[in-house]
Each structure stands twice: as C-alpha cells, then as structure tokens.
2 protein chains.
Amino acid sequence: MIVTAVPVQFTRSVWETLRAETPKGAAVVSVSKGIENGTLLRPLQVVADALGERMGEDRPMGVLSGPTIAAELARCLPATMIAASEDPDLELRLQRLFTTSWLRIYTSEDVVGVEVAGAVKNVIAIAAGILDGLSAGFNAKSALLARGLAEIARLGVAMGARAETFFGIAGVGDLATSCFSPEGRNRSCGEALGKGEPLETYLKRTTSVVEGVATTRSVVDLARKLGVEMPIAEAVHAVLFEGMDPIEGIGRLMSRELKREVVG
Amino acid sequence: MIVTAVPVQFTRSVWETLRAETPKGAAVVSVSKGIENGTLLRPLQVVADALGERMGEDRPMGVLSGPTIAAELARCLPATMIAASEDPDLELRLQRLFTTSWLRIYTSEDVVGVEVAGAVKNVIAIAAGILDGLSAGFNAKSALLARGLAEIARLGVAMGARAETFFGIAGVGDLATSCFSPEGRNRSCGEALGKGEPLETYLKRTTSVVEGVATTRSVVDLARKLGVEMPIAEAVHAVLFEGMDPIEGIGRLMSRELKREVVG
C-alpha cells in the first residue's frame, strides 16, 4: 500500500517520476485534498493518469479523509476519519490498519464525494478566514458553513457523488474544523486577506502550502463547466484573483435576492 | 403578530395565563428552542395546546431560527435566519419584517424540522462543551458535530421533518455556532461538566437558563419512543442524570462497533 500525501498541484510530476518504481497492483491511498488546475482531476485520478492507468481498474485505490489537525493527532487526541474505496477489501484494510483507541475509522464507497468534500472545504475555509479578518462573528461564519456545505454538496452531486457524504465526517466534519480551528492554513490565509493583506504578500511570508488558493481556480472552473451555482466560491475567486475587496465580496453574498432555502 | 420567546418549560404556564387576552386569529411566532418535558411537544405545539387550539388551524403559526448570538445581532454583525411556516403569507411577512442589510432571512415550510433542529442542537452543544472541558480538540468536536447532526436529522425525519432542513442554516448553521461559540450557554454548561463540576453546582452559580439540560430528557424520551438511535444524546443524558463520568461517556462513544458511516 502506497500513501500519497503530495499537494495536488505537484502530484502529477511526483507520480510520473515514480512511475517505473511503482509496484504493479499495489494499492494507492490518497490523503491529498484538492483538484488539479486545468485538468480538473481529483487526486486519485491524477495518480492514475500519471501512471498511465485506468482509475479503479488497474489497482485498488482509496482515500482517507476527515477532520484531522496533525498537531492533535500527534497528541493522540480523539479523532475520526472516513476510509473510502470502491474496493471493499481495501476499505476494510484501511479501517483495520488505522483504527486505534483514539482514532475511529468509518467506511464509505463514495470516493468521489470524499475527494470533492476534502478539496472544496478549503475554498470555504478561505471565506471563513475572510470573515474572521473582518471580525464578522460566529453567526456569519456558521451561516457561511451551512451555505458553503450546500454549495459543496451541489457540486459533488453534479460530479457523481452521494449527497449524504457531505453531511458526514469527511464533509461537514472536516469543513467545521477548517472553518473554526485557528491553526487551519486556508482559514489563516483568508484572515490575512480579510485584514487587508494582499494575497502575494501573504503567500510570500507563509511557509505552508495554502491548497485552497489553487483549488479555488479549479472549483470555479468546474462549477461553471457543470452549471452549478457556487456563490461563495465565486466570491473567494473574485477576492483572490480579480482584485475584489473582501468587504464587497461578503456584501455581495449578503445582498443576493431573498429566497427559499435550497440545500443540496 | 405575537412573538413567544419564553423557555419551553415555562411556555405552557405563560400562555395559559395569557389565554383570555390573546387576540383570536393573531399570528404566533416562536423563537423558543426546546421540547416540553413529559408531553414531548415542540414550542408551537405547546402554545396551541395552552390556548386550547389546533396547531396551524386556528391561527397562523411560524418559527424563526438560526445561528443568532444576541450580542452579535446587537452589534448589527451579519447573520441569517430561517422563517418557517405552513402559512405562505406569514412566511413572507416574517421575511420582509426581519430582513435588513445585515440580517438575511430564508423561508421554509418545514416548521417541524426547524423546531426540532433548534431544540436538539442544545443537547449536542452540551456534548461539545464536555469535549472542551476535557481539552479534546477540534478534530473531536468536528466529528461530534457531524455525528450529532446525523442524530438530529434521524430524530427529525422520524417526527415528520424534511432531512434537508438539518443541513441548512437552522440545522447545521445553528449547531456550529452552538458548538463553537465560547458564549453559548449549553456549551459552557458542558465545559463545566467536562472539567468535573457537578451539574447542580453549575446550575446554581449560572444566571442563564441552560435549555439543553431539560431538552436532553425530552430528546432521549422521544428517541426511545420512536426507536431512533441517538448515542450522543444518550451519553449526555448519562452524564447529566445518571452520574456517568464525562470521560467514560466520550470513551463509550469512541469505542462503539466500527461500521459504515450512515447519515440521516
């Protein structure tokens, strides 16, 4: 079993380099969270593509995801994850391998849903950070979480995922940690933007990869291609890449036409 | 239009007292969050019962709910709410009446779902506070939020609500604020319990009504009556009323049989 944890935008080049040394048939498990720019492929699709294989046919593939801040795992604090695979054997192997007294693993068949949830939550986390930078409060951030979850689910369902995945641990669970934990890299990036720091300045001074920035491009491309309404992702895109003022971005979200709540 | 904001366990006596003075046919809108002990009625049902009327037939009734910490509303920070009524006119009146540049009102027909979501989130918030008292971390609390949301949705659907309500602003939105805002009364109560303070001592020294405590009794009664599995609510019940140690309660949740994730 090989675990791939490379940021998505580097996954292709790493796996192309490793191609000759990758054992035939060995399972690949991804913990990467993102969508490749341009191709709009999910991490496991990128690996299969880089290996010249067909996703899910040439080897078992799976994904592990959930609310898992590394510093907390390192202290053995209680946590949960989803192990998703279309291969029932791999799903159970992952569950048995990673379960401990403090880490609880649930299984799922919905690889697409778990990968989409892990990617798009980083975009919503940037928006959550922007709200924090503007000192907008818990009411606003919780509304963002709910409306962001609806957006993620709409996109995921259009990509073939099951809606319920987004309302589980790898969906709303991971989203909640990303939006509320002060340690989150995407939330912290958004907070800097909300306080008025330009994106370039922030990315230069931070040592961590802010995956949500590149993911925002892919997500907005996907949403437009599939005809899915994603106003929060569009607002984040406008702030990151179109020079929109964060306050104006939030104002635009709040002033949309009043309507019936539609979820999923 | 009369707005009822009395804690649920006092709603019956207040409305029985007001019965003679309540104008016939005037709309009643509830912002109370809970379920009456013993009768297991929702706030609007309690009002109808206390007035000797049939719910939804003798006057328009509606509910306003969402992530709305009062101190933030008082500062005009951005927020959202759901206005739910089976009466389309009342729904729109509420939307128009309460919408401002900083408060966005969505409409819904699902009165049952919005009332159940508002009640049960207080039970989950006590559990979130227990985790905080034990310094369990964001991973654990986000997992609790996701699994708690699934429990709330299961109960709600068994009571006739629409599942999607729980994944919207009055559901997961309000739940997120209740679990993460340090100001929340139910979360704060749970935190004291997690730190080892007995419930009686905490309730004596706090000046606020901790609605989740009484609601826990009703929710567990409802779950048992309807045959709905609610392990988090059962654990909170055991800590509040059966003398279970909070650490044992959490341990019991983490050590349940490994299984496939089931949402809703």
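Quick notes on the rules
- The written sequence of each chain sets the order in which its residues are numbered from 1.
- By the order in which they are written, chains take letters starting at A while ligands take numbers starting at 1.
- Under the rules for a predicted model, residues below a pLDDT of 70 receive no local features and side-chain atom pairs below 80 are neither given nor counted, while totals for whole chains, interfaces and linings still include all residues.
- Hydrogen atoms and water are omitted, and side-chain values are computed over all heavy atoms in the structure.
- Defined by distance alone, a disulfide is two cysteine sulfur atoms within 2.5 Å.
- Whether a residue is buried, partly exposed or exposed follows from its accessible area with a 1.4 Å probe, protein chains only, as a fraction of its type maximum: under 20%, in between, or over 50%, in that order.
- Copies are brought into register by a least-squares superposition over C-alpha atoms of residues with pLDDT of at least 70 in both.
- Contacts are residue-level and defined by heavy atoms, with any inter-residue pair within 4.5 Å sufficient.
- Counting from the N terminus, the helices are the DSSP runs of H or I reaching at least four residues and the strands are the DSSP runs of E reaching at least two.
- Accessible area that two parts lose when put together, evaluated with a 1.4 Å probe and summed over both, is termed the buried area.
- A side-chain nitrogen of Lys or Arg and a carboxyl oxygen of Asp or Glu constitute a salt bridge if their distance falls within 4 Å.
- For the purposes of these results, a polar contact is taken to be a pair of N or O atoms within 3.5 Å, where, inside protein, one atom must be able to donate a hydrogen and its partner to accept one; residues adjacent in sequence count only when each atom of the pair is a side-chain atom.
- For this classification, Asp, Glu, Lys and Arg are treated as charged, while Ala, Val, Leu, Ile, Met, Phe, Trp, Tyr, Cys and Pro are nonpolar and the rest, including Gly, are polar.

Observations concerning the state of the cysteines
Residue and element names in this part refer to chain B. All told, the structure shown has zero disulfides over all chains when counted by the stated rule. Left without a disulfide partner, cysteine 189 is nearest to the cysteine sulfur of cysteine 179, which lies 14 Å away. For cysteine 189, a relative accessible area of 0% puts it in the buried group.

Section: the relation of the copies chain B and chain A
Superposition of chain B onto chain A requires a rotation of 180° combined with a translation of 0.0 Å along the rotation axis, giving an RMSD of 0.0 Å. The transformation relating the two chain copies, once decomposed into turn and shift, fits a two-fold axis. Interface overlap between copies: 100% of the residues of chain B at the interface are likewise at the interface in chain A, consistent with a symmetric, same-surface contact.

Quick look at the environment of Ser65(B)
Residues and elements named next belong to chain B. When you line up the elements, serine 65 lands in strand E3 (residues 61-65). On the basis of relative accessibility, which here comes to 3%, the residue serine 65 falls in the buried class. When the C-alpha positions of serine 65 and alanine 170 are compared, they lie 5.7 Å apart, and in sequence the two are 105 residues distant. Those residues within four positions of serine 65 in sequence are excluded, and the remaining contacts are Lys33, Met81, Ile82, Val114, Gly118, Ala170 and Asp174.

Section: the interface of chain B and chain A
With 55 residues of chain B in contact, the opposing surface of chain A contributes 55 residues. Across the interface of chain B and chain A, roughly 4,600 Å² is buried in total on both sides, 59% from carbon and sulfur atoms. Linking chain B to chain A there are zero salt bridges. Inspection of the region where chain B meets chain A yields 16 residue pairs in polar contact (both at pLDDT 80 or more). Among the elements that line the side of chain B that touches chain A, the one with the most residues is helix H6 (residues 138-158) of chain B, at nine residues. Broken down by class, the residue content of the side of chain B that touches chain A amounts to 28 nonpolar, 16 polar and 11 charged.

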